[in-house]
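# Structural overview for review
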Amino acid sequence: MHKFFRMCIEIEEMVAGVYRELAAATPAEGKLKKLWLEMALEEEDHARQIKLAARLPAMETIRKPLIPLQQVEHLHRKVKTLLEQIKGRTISREKALLLSLRVEREFVVVHVHCAVEFVDESMQALFRSLAADDERHAEALATYCREAGIPMEEV
């Protein structure tokens, strides 16, 4: 479970990095940049929450993993590559918005509530809130696209 949690933590941290890069490298007004920076902070908070779960004794708190380690490894490679591709590059506002929507929808599975079934319902509820953050992120991005008249291709 240690590797599983470590990779989930790193994914959250790299997703935060993606949002920071988009905020820095995309010609966009303050509202959108602020949204990406807020999302980056929440992703960093998700990483801290997963670190908390990783410190708990697995045998007593975790019933079973719900997604295979190979899927987490795939997503880890994918976000690492994405971060490397956008680092220091200018990206159009439209492409950056679609990219961030795709990230939110693809990476929700690494939240511990989706990835692990906890024995303790209060722990499960804590991690369900992390996925709710990502759903809120995706909705805020979609709302921004609609308000700005940016067509959303299938993400």
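Residues numbered from 1 in each chain as written. Predicted model: local features only at pLDDT ≥ 70, side-chain atom pairs only at ≥ 80, totals over all residues. Heavy atoms only, no water.

Within the chain one finds seven helices and two strands. What you see in the chain, going N to C, is helices and strands ordered as α-α-α-β-α-α-α-β-α. Residues classed as buried in the chain amount to 46% of the 155 residues present. A separation of at least 24 residues holds for 82% of the contacts in the chain among residues at least 6 apart in sequence. Total accessible area on the chain stands at roughly 7,900 Å², and carbon and sulfur atoms take up 55% of it. (Helix = DSSP H or I, 4+ residues; strand = E, 2+ residues; numbered from the N terminus. Buried < 20%, exposed > 50% of the residue type's maximum accessible area, 1.4 Å probe, protein only. Contact = heavy atoms within 4.5 Å. Areas by Shrake-Rupley, 256 points an atom, 1.4 Å probe, with all protein chains shown as cover.)

What follows concerns the nonpolar core. Tyr19, Leu22, Trp36 and Leu97 are the most contacted members of the largest nonpolar core, which totals 41 residues. Taken together, the elements giving at least two residues each to this core come down to helix H1 (2–25), helix H2 (30–55), helix H4 (69–86), helix H5 (93–107) and helix H7 (121–148). Per-element accounting of this core gives the leading share, 13 residues, to H1. Sequence-distant contacts of Trp36, defined by excluding residues within four places in its chain, comprise Tyr19, Leu22, Ala23, Thr26, Ala96, Leu97, Ser100 and Leu141. (Core = buried A, V, L, I, M, F, W, Y, C linked by side-chain atoms within 4.5 Å.)

Relative to the assigned elements, Thr26 resides in the loop between H1 and H2. Reaching out from Thr26, the side chain makes a polar contact with the backbone oxygen of Leu22 at a distance of 2.8 Å. Among residues more than four places away in sequence, those in contact with Thr26 are Lys33, Trp36, Ile91, Ser92, Arg93 and Ala96. (Polar contact = N/O pair within 3.5 Å; in protein donor to acceptor, adjacent residues only side chain to side chain.)

A separate point is the pattern of salt bridges. As enumerated under the stated definition, the model contains 11 salt bridges in all. Here Arg146 makes a salt bridge to Glu139, at a shortest N to O gap of 2.8 Å. Sharing partners across several salt bridges, the network here consists of Glu29, Arg93 and Glu94. (Salt bridge = Lys/Arg side-chain N within 4 Å of Asp/Glu carboxyl O.)

Look at H4 against H5: their axes get within 12 Å of each other, and the N-to-C directions meet at 165°. Classified by the angle between their axes, H4 and H5 sit roughly antiparallel to one another. Read as a crossing pair, H4 and H5 show a hand that is left-handed. Residues Leu75, Lys78, Val79, Leu82 and Ile86 of H4 form the contact with H5, whose participating residues are Leu99, Val103, Glu106 and Phe107. Looking at side-chain class alone, the contact of H4 with H5 contains seven nonpolar, no polar and two charged residues. (Axes fitted to C-alpha atoms, helices over the stretch in contact; angles between N-to-C directions. Parallel < 35°, antiparallel > 145°, perpendicular 65-115°, else oblique. Left-handed = near helix turned anticlockwise from the far one by under 90°. Nonpolar A, V, L, I, M, F, W, Y, C, P; charged D, E, K, R; others polar.)

Summed over the entire model, instances satisfying the criterion amount to one aromatic pair. For the ring pair Phe4 and Phe5, a centre distance of 6.2 Å and an interplane angle of 85° mean the geometry is edge-to-face. Phe4 gets classed as buried once you look at its relative accessible area, which sits at 5%. (Phe/Tyr/Trp six-rings, centres within 6.5 Å; stacked < 30°, edge-to-face > 60°.)

Before going further, it helps to examine the environment of His46. Within the secondary structure, His46 is located in helix H2. Using a relative accessible area of 0% as the deciding quantity, one classes His46 as buried. Along the backbone, His46 and Asp133 are 87 residues apart, and their C-alpha atoms lie at a distance of 9.2 Å.

Such coordinate-based values are descriptive only and should not be taken to indicate function.
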